[in-house]
Amino acid sequence: MNQEKVLVIDFGGQYNQLVARRVRECNVYCEIYSYRTELEAIRAMNPKGIILTGGPNSCYEENSPTYQKELFALGVPVLGLCYGAQVMMHVLGGKVEKAPVREYGKTEVRVNQDSPLFADVSQDTICWMSHFDYISRPAPGFAVTAHTADCPVAAAEDRENNLYAVQFHPEVLHTLEGTKILYNFVRNICGCAGSWRMDSFVEQSIEEIRNRVGSGKVLCALSGGVDSSVAAVMLAKAIGNQLTCVFVDHGLLRKQEGDEVEAVFGPEGPYQLNFIRVNAQERFYKKLAGVTEPEQKRKIIGEEFIRVFEEEAGKIGAVDFLVQGTIYPDVVESGLGGESAVIKSHHNVGGLPDCVDFKEIIEPLRNLFKDEVRRAGLELGIPETLVYRQPFPGPGLGIRIIGEVTGEKVRIVQDADAIYREEIARAGLGRTIGQYFAALTNMRSVGVMGDERTYDYAVALRAVNTVDFMTAESAEIPWEVLQTVMSRIINEVRGVNRVFYDLTSKPPGTIEFE
Ligand code: XMP
């Protein structure tokens, strides 16, 4: 896409996707690349600006992530954040060393409002600090533009060469005027026009899909989740009935979900797609029998998905393209984008086997964050109920059942989850919680029911609030609601005698259990 672009160069810090999201909130498109990306590749992308992220290392140590100094001579504005700021100073001849006082948390920073980076920012502003090294001497040509009580160089700039360094993290919401600072950089200093908008993205994507597909046949993997639904409708608008949507019921969906998906996308629904439902429950359960390792479960589910599609494609005849609802965090978390370690192989990216029998894959949402996917969905006229539905992972209940997956365990977690969702809706809490679901722990314990000893499973309830699904806090659900859910689950779901509420935030936990 011919789009103004800012590059986020990833040094392995924890907030790197946040940096990219904040930049996009300024209506500027950006992508994340590892610091290992060659200078030539960076130059070839013709960026309007470059942002260097934070990272966990000390830049003066041997073998720590760095970048050659020619990066700063491309004539492209560069903003270094935290570790990125230190790398900039270190490489350009300043001094970075262990700080006498480590700064962590919200910190008052005094800024020089004459700096274009701090235009319209309060003179004393609260910023998020997290560093044990500090810049003790800025590089030649740099002027100090901010300081704190403990940090003499909280920001520095070489205005002539458009190089800016800040020790704090403007991308974190605790930095009160962080978005303003990033806006100043990308819109004013880099001169981006701010043309990254959802309506034009949707229009352009539809046009691009049409050109790319020509008269080809396209098969879409429809899960009923937000991502694949948005992808499917985008494709339907671009190429109409050249598109066939295959919906695989892998037996790991929420209760009644298969029928709900069919009601929306099937022949009775509003979209008039070619819709094929494959009931493959038994096949998946068979493959998963005896498998307990989470990554292996994900891989099996992902591969089996592809196999089912291959078979369906065989029945339909020659198929040129396969559509997937991969989104940007999947790409980055799978280690394909930035510098992040492989946290989980998301089934629609990392788990893709080599022998896919399709010519090409179309991933129309590959560059979008979740909130952008939702906005695209609304642009496409998809109903809000679908666009704002609970996120549901591709591997489904397979990763909400700890350990081996069986039909019986699926039934338990489906029933418990349905009760949980019903009660959350009854209490009017649905839209206030980011994501909530029941999961089945692999733990059985002793209980008593009537006069009988029981030895049954424990269900875990999870509810998190999150802005971006990269970090999350457990949600506070009123005690009475939790109690109602607990007592209904124990009374109504055979095989459960204990209910836990998961308080863990992310990190250190993940949202899903496996
Ligand atoms: P985690 O468990 O990684 O979840 O904290 C973050 C968000 O991603 C969803 N998730 C997935 N979505 N395929 C998907 O399409 C997957 O393999 C997958 N694993 C997790 C999860 O539901 C949460 O919203």
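Scoring rules and cut-offs
Residues numbered from 1 in each chain as written. Predicted model: local features only at pLDDT ≥ 70, side-chain atom pairs only at ≥ 80, totals over all residues. Heavy atoms only, no water. Helix = DSSP H or I, 4+ residues; strand = E, 2+ residues; numbered from the N terminus. Buried < 20%, exposed > 50% of the residue type's maximum accessible area, 1.4 Å probe, protein only. Contact = heavy atoms within 4.5 Å. Areas by Shrake-Rupley, 256 points an atom, 1.4 Å probe, with all protein chains shown as cover. Pairing = 2+ DSSP bridges. Right-handed = clockwise from strand over helix to strand, strands pointing away. 1 Å grid on protein atoms, 1.4 Å probe; cavity = no way out; pocket = protein on both sides within 12 Å on 5 of 7 lines; lining within 4 Å. Points joined across faces, edges and corners; volume = space filled by probe spheres on them. Nonpolar A, V, L, I, M, F, W, Y, C, P; charged D, E, K, R; others polar. Core = buried A, V, L, I, M, F, W, Y, C linked by side-chain atoms within 4.5 Å. Axes fitted to C-alpha atoms, helices over the stretch in contact; angles between N-to-C directions. Polar contact = N/O pair within 3.5 Å; in protein donor to acceptor, adjacent residues only side chain to side chain.

Caption draft 1: Structural view of the overall build of the protein chain. For the protein chain, the helix and strand inventory stands at 14 helices and 18 strands. Projected onto its principal axes, the C-alpha coordinates of the protein chain cover approximately 75 × 65 × 40 Å. Within the protein chain, the proportion of its 514 residues that are buried is 58%. If you take every contact in the protein chain between residues at least 6 apart in sequence, the share linking residues at least 24 apart comes to 74%. Carbon and sulfur atoms form 48% of the exposed surface of the protein chain, whose accessible area is close to 21700 Å².

Caption draft 2: Quick look at the pairing of strand 1 (residues 5–10). Counting buried residues along strand 1, 6 of its 6 residues qualify, which places the element largely inside the surrounding structure. A two-sided burial pattern is seen for strand 1, the buried positions comprising Lys5, Leu7 and Ile9 on one face and Val6, Val8 and Asp10 on the other. Where strand 1 lies against strand 2 (residues 29–34), 6 bridges are found, and the strand directions are parallel. Residue pairing in the sheet places leucine 7 in a bridge with glutamate 31 of strand 2. Crossover connection from strand 1 via helix 1 (residues 16–25) to parallel strand 2: handedness right-handed. When strand 1 meets strand 3 (residues 49–52), the two strands line up parallel, connected through 4 bridges. Looking at the pairing, leucine 7 lines up with isoleucine 50 of strand 3.

Caption draft 3: View of empty space enclosed by the protein. Counted under the stated rule, the structure contains 3 cavities of 30 Å³ or more. Taken as a whole, the second largest cavity holds about 50 Å³ of empty space. Lining the second largest cavity, in full, are Leu222, Ser223, Phe247, Val248, His250, Leu253, Phe305, Phe392, Pro393 and Gly394. Taken together, the residues that form the lining of the second largest cavity break down as 7 nonpolar, 3 polar and no charged.

Caption draft 4: Examining the nonpolar core more closely. Residues Leu243, Phe265, Tyr420, Val459, Leu461, Ile477 and Ile489 are the most contacted members of the largest nonpolar core, which totals 92 residues. Among the elements that line this core, the one with the most residues is helix 6 (residues 226–239), at 10 residues. If sequence neighbours within four positions are ignored, phenylalanine 265 has contacts with Leu222, Ser229, Val233, Tyr271, Leu273, Phe275 and Leu386.

Caption draft 5: Geometry of the sheet that holds strand 11 (residues 243–249). Spatially, the 5 strands line up as an open sheet ordered 12-11-10-13-14, and their pairing is parallel. Bordering the open sheet on either side are strand 12 (274–279) and strand 14 (360–362), each of which pairs with just one other strand. Averaged over all adjacent pairs, the angle separating strand axes in this sheet is 25°, with direction ignored. Of the strand pairs in this sheet, strand 11 and strand 12 are connected by 6 bridges, and their pairing is parallel. Within strand 12, the position partnered with valine 248 by the bridge is valine 278.

Caption draft 6: Representation of the environment of aspartate 320 in the model. By the secondary structure assignment, aspartate 320 is in the loop between helix 9 (294–316) and strand 13 (321–323). The class for aspartate 320 is buried, based on a relative accessible area of 18%. Beyond its immediate stretch of four places on either side in the chain, aspartate 320 contacts Gly216, Lys217, Phe358, Lys359 and Glu360. Only 2.7 Å separates the side chain of aspartate 320 from the backbone nitrogen of lysine 217, close enough to count as a polar contact. A distance of 2.8 Å separates the side chain of aspartate 320 from the side chain of lysine 359, its partner in a polar contact.

Caption draft 7: Seen up close, the sheet that holds strand 8 (residues 155–158). Strand order in the open sheet formed by 9 strands is 2-1-3-4-9-8-7-5-6, and the pairing between neighbours is mixed. Two strands close off the open sheet at either side, each with one partner strand: strand 2 and strand 6 (124–137). The sheet shows a mean angle of 20° between the axes of neighbouring strands, direction not considered. In the sheet, strand 4 (residues 78–81) pairs with strand 9 (residues 163–166) via 4 bridges, with the strands oriented parallel. Directly across from glycine 80, in strand 9, lies its bridge partner alanine 165. Helix 3 (residues 83–91) contacts strand 3, strand 4, strand 5 (95–111), strand 6, strand 8 and strand 9 of the sheet and is inclined by roughly 120° relative to strand 4.

Caption draft 8: Just the side chain of serine 34, in detail. Among the structural elements, serine 34 can be located in strand 2. Of the residues examined, serine 34 reaches a relative accessible area of 10% and is grouped as buried. From its side chain, serine 34 meets the backbone nitrogen of arginine 36 in a polar contact 2.9 Å long.

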